[in-house]
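As a plain string of letters, each chain reads:
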Amino acid sequence: MAGIDAELFKALSDGNRLIILEMLSRGETCACRLLEALDVTQPTLSHHMKILCNSGLVTSRKSGQWSYYSLNREKLDEIKAYLSSL
(Lines give C-alpha, C1' and ligand atoms only; values in the text may rest on other atoms or scores of the structure.)
Protein backbone atom coordinates (compact mmCIF):
# COMPACT_ATOMS: atom_id res chain seq x y z
CA MET A 1 0.00 0.00 0.00
CA ALA A 2 1.20 3.50 -0.78
CA GLY A 3 2.57 5.45 2.15
CA ILE A 4 3.12 2.44 4.42
CA ASP A 5 6.76 1.58 5.05
CA ALA A 6 9.12 0.34 7.74
CA GLU A 7 9.91 3.91 8.86
CA LEU A 8 6.28 4.41 9.80
CA PHE A 9 6.35 1.35 12.03
CA LYS A 10 9.71 2.43 13.45
CA ALA A 11 8.00 5.67 14.50
CA LEU A 12 5.44 3.56 16.39
CA SER A 13 8.09 1.43 18.11
CA ASP A 14 8.94 3.86 20.93
CA GLY A 15 6.95 4.05 24.16
CA ASN A 16 7.22 7.83 24.45
CA ARG A 17 5.98 8.28 20.90
CA LEU A 18 2.98 6.06 21.67
CA ILE A 19 2.19 8.23 24.70
CA ILE A 20 2.45 11.31 22.47
CA LEU A 21 0.04 9.78 19.95
CA GLU A 22 -2.39 8.92 22.73
CA MET A 23 -2.27 12.51 24.00
CA LEU A 24 -2.80 13.85 20.48
CA SER A 25 -5.81 11.56 20.02
CA ARG A 26 -7.62 13.94 22.40
CA GLY A 27 -6.93 16.93 20.14
CA GLU A 28 -4.26 19.41 19.16
CA THR A 29 -1.63 19.77 21.87
CA CYS A 30 1.10 22.31 22.55
CA ALA A 31 4.67 21.06 22.84
CA CYS A 32 4.72 22.56 26.34
CA ARG A 33 1.95 20.15 27.43
CA LEU A 34 3.78 17.19 25.91
CA LEU A 35 6.92 18.18 27.80
CA GLU A 36 4.96 18.34 31.07
CA ALA A 37 3.55 14.85 30.54
CA LEU A 38 6.78 13.12 29.52
CA ASP A 39 9.94 12.70 31.51
CA VAL A 40 12.17 13.92 28.65
CA THR A 41 14.19 17.01 27.79
CA GLN A 42 13.11 19.51 25.17
CA PRO A 43 15.70 18.24 22.64
CA THR A 44 14.46 14.67 23.16
CA LEU A 45 10.85 15.77 22.62
CA SER A 46 11.92 17.59 19.44
CA HIS A 47 13.59 14.39 18.22
CA HIS A 48 10.41 12.36 18.84
CA MET A 49 8.23 14.99 17.16
CA LYS A 50 10.52 15.11 14.12
CA ILE A 51 10.19 11.35 13.71
CA LEU A 52 6.40 11.47 14.11
CA CYS A 53 6.04 14.39 11.68
CA ASN A 54 8.40 12.82 9.11
CA SER A 55 6.42 9.58 9.26
CA GLY A 56 3.25 11.49 8.46
CA LEU A 57 1.51 10.45 11.68
CA VAL A 58 1.56 13.98 13.12
CA THR A 59 1.23 17.48 11.70
CA SER A 60 2.53 20.65 13.31
CA ARG A 61 1.93 24.37 13.25
CA LYS A 62 3.80 27.23 14.91
CA SER A 63 2.14 29.94 16.97
CA GLY A 64 4.55 32.36 18.58
CA GLN A 65 7.31 30.43 20.29
CA TRP A 66 5.34 27.20 20.59
CA SER A 67 4.60 24.36 18.22
CA TYR A 68 1.19 22.70 18.26
CA TYR A 69 0.77 19.11 17.14
CA SER A 70 -2.17 17.11 15.80
CA LEU A 71 -2.73 13.56 14.61
CA ASN A 72 -2.93 13.01 10.87
CA ARG A 73 -6.14 11.00 10.81
CA GLU A 74 -5.75 10.15 7.12
CA LYS A 75 -2.40 8.44 7.79
CA LEU A 76 -3.91 6.53 10.70
CA ASP A 77 -6.73 5.37 8.43
CA GLU A 78 -4.10 4.14 5.94
CA ILE A 79 -2.41 2.13 8.68
CA LYS A 80 -5.72 0.64 9.79
CA ALA A 81 -6.57 -0.37 6.22
CA TYR A 82 -3.11 -1.85 5.70
CA LEU A 83 -3.28 -3.93 8.88
CA SER A 84 -6.83 -5.07 8.06
CA SER A 85 -5.64 -6.28 4.66
CA LEU A 86 -3.06 -8.64 6.19
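What you see is a predicted model; the values in this text were computed from it and never measured.

## Re the sheet that holds strand β3 (residues 66-71)
Here is step 1: The strand order across the open sheet built from three strands is β1-β3-β2, with neighbouring strands paired in antiparallel fashion. Strands with a single pairing partner mark the edges of an open sheet, and in this sheet they are β1 (29-30) and β2 (58-63).
Here is step 2: Bridging between β1 and β3 involves two bridges; their strand directions are antiparallel. Bridge assignment links Thr-29 to a residue of β3, and that residue is Tyr-69.
Here is step 3: Against the sheet, helix α2 (residues 15-24) touches β1, β2 and β3, its axis set at about 85 degrees to β3.

## What about the environment of Gly-27?
Here is step 1: Here Gly-27 is to be found in the loop between α2 and β1.
Here is step 2: Under the relative-accessibility criterion, Gly-27 is labelled partly exposed at 28%.
Here is step 3: Along the sequence, Gly-27 and Leu-71 sit 44 residues apart, while their C-alpha atoms lie 7.7 Å from each other.

## With respect to the environment of Lys-10
Here is step 1: Structurally, Lys-10 can be placed in helix α1 (residues 6-11).
Here is step 2: According to the relative accessible area criterion, Lys-10 is exposed, its value standing at 52%.
Here is step 3: For the pair Lys-10 and Ile-51, spaced 41 residues apart in the sequence, the C-alpha separation amounts to 8.9 Å.

Calculation criteria
Residues numbered from 1 in each chain as written. Predicted model: local features only at pLDDT ≥ 70, side-chain atom pairs only at ≥ 80, totals over all residues. Heavy atoms only, no water. Pairing = 2+ DSSP bridges. Helix = DSSP H or I, 4+ residues; strand = E, 2+ residues; numbered from the N terminus. Contact = heavy atoms within 4.5 Å. Axes fitted to C-alpha atoms, helices over the stretch in contact; angles between N-to-C directions. Buried < 20%, exposed > 50% of the residue type's maximum accessible area, 1.4 Å probe, protein only.

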